[in-house]
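Descriptive analysis of the structure
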Amino acid sequence: MVSRDRRIASVARSVRLVPALLAPVLTLTACGGGVHGTPGGSGVRDPYFPKAGNGGYDVSHYGLRLAYDPDAHRLTGTATLTARATQDLSAFNLDLLGMEVEKVTVGGETARWNRAGQELTVRPHGDIDRDDTFRVTVRYSGAPETVTDPDGSREGWLRTSDGVLALGEPTGSMTWFPGNHHPSDKAAYDLTVSVPRGLRAVSNGELRSETTARSRTTFVWRTGEPMASYLATLAIGRFDISRSRAGGGLPVYTAVDPVEAAASRPVLERIPEVLRWAERRFGPYPFSSTGAIVDRAADLGYALETQNRPVFPGAPGMTLLVHELAHQWYGDSVSPKSWRDMWLNEGFATYAEWLWEEDHGGRSARETFDALYSGDYFATEEAGEAVWAFPPAEPPSAARISEPPVYWRGAMVLEKVRQAVGDEAFWRILKGWAAEYRHGNADTADFTAYVEEQAPGVDFEAVWEDWLYGEGKPERA
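None of these values were measured; they are calculated from a predicted model.

This brings us to the sheet that holds strand β3 (residues 74–85). Read across the sheet, eight strands follow the order β6-β5-β9-β3-β2-β13-β16-β15 without closing on themselves; strand pairing throughout is mixed. Lying at the two open borders of the sheet, with one neighbouring strand each, are β6 (109–110) and β15 (206–213).

Laid out in structure tokens, this is it:
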């Protein structure tokens, strides 16, 4: 993200849809020996968001059926999750913040449930055996919430001048659908959403159908590749829609608020060009479509790398477009195991900006690194010093996972790796990392181990200790 993908400019402020829907789903029965399972965990012990996600199961598919009335600010929804139990389960949790739960079923049978904060605890009619596939359906309604993150930014269900924009990083998706809301559990999605006639509903993946009956239009979207829930988006409003093709016939779908259309067009038309360049640097594009959503800048304070279709606050510049499209490889396809690993998203996307400049007649990545180190990169001394506030691999709190060290010092780590191994090996590492963890999750330990495996004769001790984990500004080697 940028500016959440928060530019320091403001410092100066996942399984292909094998479709779980088509896979056999077991009916649950109580075991004769009584309860043998235990409740799944109410969180996955993320170091910064310990209640995010849930233990005991893995979701493979979300089927969401939604209807939204902007005037009444009311959402009605039915969410059907297909999951596999990773332990014997007597109960399990879903993350859902706000909203009124009306009914829950597991395996087609009514289940007991209760609420406590963001936790929806479900007690099925019978225990679920480890490795069983099961289906849970939640019917709910209400006024979705906007939440404020520890860093002060807003996410969740954001009302706009003509509709809504749903954004989820890091935990906002739980405001509009129940699920396992942690990046470590990725799934395929089918989203059907009904809105008043004249409005459009834009989401991730591909638009499968659009039908109008009487006063409402229904849109059906499918995301076949695995997606972390924080990357799911839904934009409802009046949009100018553009459909085209990039290299290899890749569908490009852009939705732009009419107020931003003229300013956005010259940049968005370069999406195919950026993808051609990115594939040369990072390897094959990891998804089945691409595009963008551009809403009014006044309605949104930051850009976000929502999968297939990043969101922009007003017309983006080329640097921001490159950053968010690079996230499709680093952050969306290769997603963090925990929120501590944010630098693997933001450091890579920031370094992509440097490479774009290097490959298009601007300063080299090494020159950008040198300017950051010397303090000449930013307009103010305060902004330059902020880069050294903490190690990129160890943000001190949830409030600081989107701060400058995660972006710029994270990118500096990659430049140090490049300096250590040379260009040929570095390009191989960039592509190989994206391929090795394609549609999966990785953490910092995975990255350092991968780099060391690819360059076995190189000593990376100083890079990791001084640049990745070291406090303060390292000595210049």
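Here helix α5 (residues 365–374) has its buried residues at A365, T368, F369, A371, L372 and Y373. Once α5 ends, the next one or two residues include G375, with phi positive near 90°.

Here we come to the nonpolar core. Judged by nonpolar contacts, the single largest core of 140 residues is most densely connected at F92, W176, L234 and F282. Of the residues forming this core, the biggest block, nine residues, is contributed by helix α7 (residues 404–421). Apart from residues no more than four positions distant in its own chain, W176 is found in contact with L64, L66, L75, Y140, W157, A166, A232, T233 and L234.

Along an α-helix, residues three or four positions apart point the same way, because every turn accommodates 3.6 residues. Along helix α10 (residues 461–468), the residues that are buried comprise V463, W464, W467 and L468. Across the axial projection of α10, the buried residues extend over an arc of 110°, all falling on one side. The inward-facing, buried residues of α10 abut α4 (343–359), α5, α7 and α9 (444–454).

Quick look at the packing of aromatic side chains now. Scanning the entire structure with this criterion turns up 37 aromatic pairs. Residues W221 and Y253 carry aromatic rings whose centres are separated by 5.2 Å and whose planes lie at 90° to one another, so their mutual orientation is edge-to-face. Taken together, the positions of W221 in strand β16 (residues 216–228) and Y253 in strand β19 (residues 251–256) put the pair 32 residues apart, joining distant regions of the chain. Across this residue pair, the class does not change: W221 and Y253 are buried. With a centroid separation of 5.6 Å and an interplanar angle of 80°, the aromatic rings of W277 and F282 are classed as edge-to-face. Classification of W277 by relative accessible area gives buried; the value is 3%. Owing to a relative accessible area of 3%, F282 belongs among the buried residues under this scheme. The positively charged end of R340 is found above the aromatic ring belonging to Y48, 5.9 Å away from the centroid.

The rules behind the values
- Residues numbered from 1 in each chain as written.
- Predicted model: local features only at pLDDT ≥ 70, side-chain atom pairs only at ≥ 80, totals over all residues.
- Heavy atoms only, no water.
- Pairing = 2+ DSSP bridges.
- Helix = DSSP H or I, 4+ residues; strand = E, 2+ residues; numbered from the N terminus.
- Buried < 20%, exposed > 50% of the residue type's maximum accessible area, 1.4 Å probe, protein only.
- Core = buried A, V, L, I, M, F, W, Y, C linked by side-chain atoms within 4.5 Å.
- Contact = heavy atoms within 4.5 Å.
- Arc of directions from axis to C-beta.
- Phe/Tyr/Trp six-rings, centres within 6.5 Å; stacked < 30°, edge-to-face > 60°.
- Lys NZ or Arg CZ within 6 Å of the ring centre and 35° of its normal.

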